[in-house]
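Residue-level listing of the chains:
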Amino acid sequence: MNDAVLQAIRTRRVVRAFTQDPVGRDQLEAVLDCARHAPHAGNRRLHRYAAVTSPPLLRALRMVSPGMLQRPMAAIVVCVDWPQVHAYGISPGNPGPYIDVGTACATLLLAAHGAGLGAGPVTSFSRTAVATILGLPQGVAPELIVCLGHPAAEQPPAMRRRGGPAWQDVVQWERG
Ligand SMILES: Cc1cc2nc3c(=O)[nH]c(=O)nc-3n(C[C@H](O)[C@H](O)[C@H](O)COP(=O)(O)O)c2cc1C
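On a predicted model such as this, the values are computed, not experimentally measured, just so you know.

What counts, and where the lines are drawn
Residues numbered from 1 in each chain as written. Predicted model: local features only at pLDDT ≥ 70, side-chain atom pairs only at ≥ 80, totals over all residues. Near = placed C-beta within 6 Å. Nonpolar A, V, L, I, M, F, W, Y, C, P; charged D, E, K, R; others polar. Buried ≥ 20, exposed ≤ 12 C-beta atoms within 10 Å, placed from the backbone. Helix = DSSP H or I, 4+ residues; strand = E, 2+ residues; numbered from the N terminus. Arc of directions from axis to C-beta. Contact = placed C-beta atoms within 7 Å. Pairing = 2+ DSSP bridges. Axes fitted to C-alpha atoms, helices over the stretch in contact; angles between N-to-C directions. Core = buried A, V, L, I, M, F, W, Y, C linked by C-beta atoms within 7 Å. Expected span 1.5 Å × (residues − 1). UniProt positions renumbered as here; feature names shortened; annotations may be inferred.

S.K.: Explanation requested: the site of the ligand in the structure shown.
M.R.: Around the ligand sit 13 residues in total, of which Arg-13, Val-14, Gly-67, Ser-124 and Met-159 are the nearest. For the shell around the ligand, the residue count by class is 6 nonpolar, 4 polar and 3 charged.

This is how it looks when you write it as structure tokens:
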């Protein structure tokens, strides 16, 4: 068993309060580089990533994102490139592009953890406003924002339910 990987998965937590220390360019690039190692259906890689470090842009993103409780020092916006999705002939009801947003998110969160950063995903935001703020190309839709920064010593209480189910409670072995 690879203890380091298991330990990283177990110790990663969503960070909702950051210090004002900047995110190093090398740290941000290391996290972005890991996005391409996320598993994607058919290895199609129909996603685009917008990296944001400019304080005015980060403030603008926050203004249109009710779910962004933190004040990030950097952000990575995971986007679906819908013209590419259609060009691949993926049918409109196919959940693949959204599932791939999830795998990208999980990979980015763990990569940030590995790079010594804190990270928090946000899906509660205006898609139209974020696309406009970032000047995304037509058809490239922002689906999830990963906020990045250095974790502050004090964190707001976790949304985690206390005494949630143990893994044994949510796993069915073989046929039910
Ligand atoms: C798809 C998705 C969307 C999320 N959206 C938000 C959000 O808008 N704002 C927020 O503060 N946290 C958001 N979260 C973080 C969850 O609330 C968090 O993962 C959960 O409370 C468990 O905390 P933990 O990851 O630290 O164990 C989101 C997580 C996922 C997977």
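S.K.: Mind showing me how you'd approach helix H2 (residues 25–35) here?
M.R.: Because the α-helix completes a turn every 3.6 residues, residues three or four places apart line up on one side. Of the residues making up H2, those classed as buried are Leu-28, Val-31 and Ala-35. Projected down its long axis, H2 shows its buried positions confined to an angular sector of 65°, all on one face. Exposed side of H2, more than 90 degrees from the buried face: Asp-26, Glu-29 and Asp-33 are the residues found there. As for H2, its buried residues are in contact with strand S1 (47–52), strand S2 (74–81) and helix H5 (96–114).

S.K.: Could you clarify how one ought to interpret the sheet that holds strand S4 (residues 140–149) in this entry?
M.R.: Paired through their backbone hydrogen bonds, the strands of a sheet run either parallel or antiparallel. If you walk across this open sheet you meet the 4 strands as S1-S2-S4-S3, and the pairing is antiparallel. The open sheet has two edge strands with one neighbour each: S1 and strand S3 (118–122). Put simply, the sheet's adjacent strands are angled 25° from each other on average, direction ignored. One ladder, built from 5 bridges, connects S3 with S4; its direction is antiparallel. Counterpart to Gly-120 in the pairing with S4 is Cys-147. In the packing of H2 onto the sheet, the strands contacted are S1 and S2, and the crossing angle to S1 comes to about 170°.

S.K.: Can you help me understand the nonpolar core in this one?
M.R.: What tends to happen in soluble globular proteins is that the nonpolar side chains get buried as a cluster. Counting 37 residues, the largest nonpolar core has Ala-75, Leu-108, Ile-145, Val-146 and Leu-148 as its most contacted members. Put simply, the parts of the chain that give this core at least two residues each are H2, S1, helix H3 (55–63), S2, H5, S3, helix H6 (127–134) and S4. When residues in this core are grouped by element, the largest group, 7 residues, is from H5. What Val-146 contacts, discounting residues up to four positions off in sequence, is Ala-75, Ile-76, Val-78, Cys-105, Leu-108, Leu-109, Ala-119 and Pro-121.

S.K.: What is the right way to look at the environment of Pro-83 in this model?
M.R.: Summarising the element assignment, Pro-83 is placed in helix H4 (residues 82–87). Here the alpha-carbon distance between Pro-83 and Thr-19, two residues 64 residues apart in the chain, equals 38 Å.

S.K.: Help me out: how do you make sense of the pairing of S2 in this one?
M.R.: Taking burial as the measure, the 8 residues of S2 include 6 buried ones, the bulk of the element. Strand direction decides the pairing type here: S1 and S2, joined by 6 bridges, are antiparallel. The residue bridging Ala-50 from the neighbouring strand is Val-77, located in S2. Here S2 pairs with S4 via 8 bridges, running antiparallel. The residue of S4 that forms the bridge with Val-80 is Ala-141.

S.K.: What exactly am I supposed to notice about H5 here?
M.R.: The end-to-end C-alpha distance of H5, which contains 19 residues, comes to 27 Å, matching closely the 27 Å that a straight helix rising 1.5 Å per residue would cover. Taken together, the buried positions of H5 are occupied by Pro-97, Asp-100, Val-101, Ala-104, Cys-105, Leu-108, Leu-109, Ala-111 and Ala-112. Close packing links the buried residues of H5 with H2, S1, S2, H4, S3 and S4. Downstream of H5 by one or two residues, Gly-116 has phi in the positive range, about 85°.

S.K.: Sorry, what's going on with the UniProt feature "domain: Nitroreductase" (unreviewed entry) in the protein here?
M.R.: Those residues carrying the UniProt feature "domain: Nitroreductase" (unreviewed entry) are residues 9–58 and 87–150 in this numbering. Note that residues 9–58 is 36% helix and 12% strand, and that its end C-alpha atoms are spaced 27 Å apart.

S.K.: Help me understand the environment of His-47, please; the structure alone is not making it clear to me.
M.R.: Inspection of the secondary structure assignment puts His-47 in strand S1. Along the chain, His-47 and Trp-82 lie 35 residues apart, while their C-alpha atoms are 8.7 Å from each other. Non-local contacts of His-47, meaning those with residues more than four positions away in its chain, are made with Val-78, Cys-79, Val-80, Asp-81, Asp-100, Val-101 and Ala-104.

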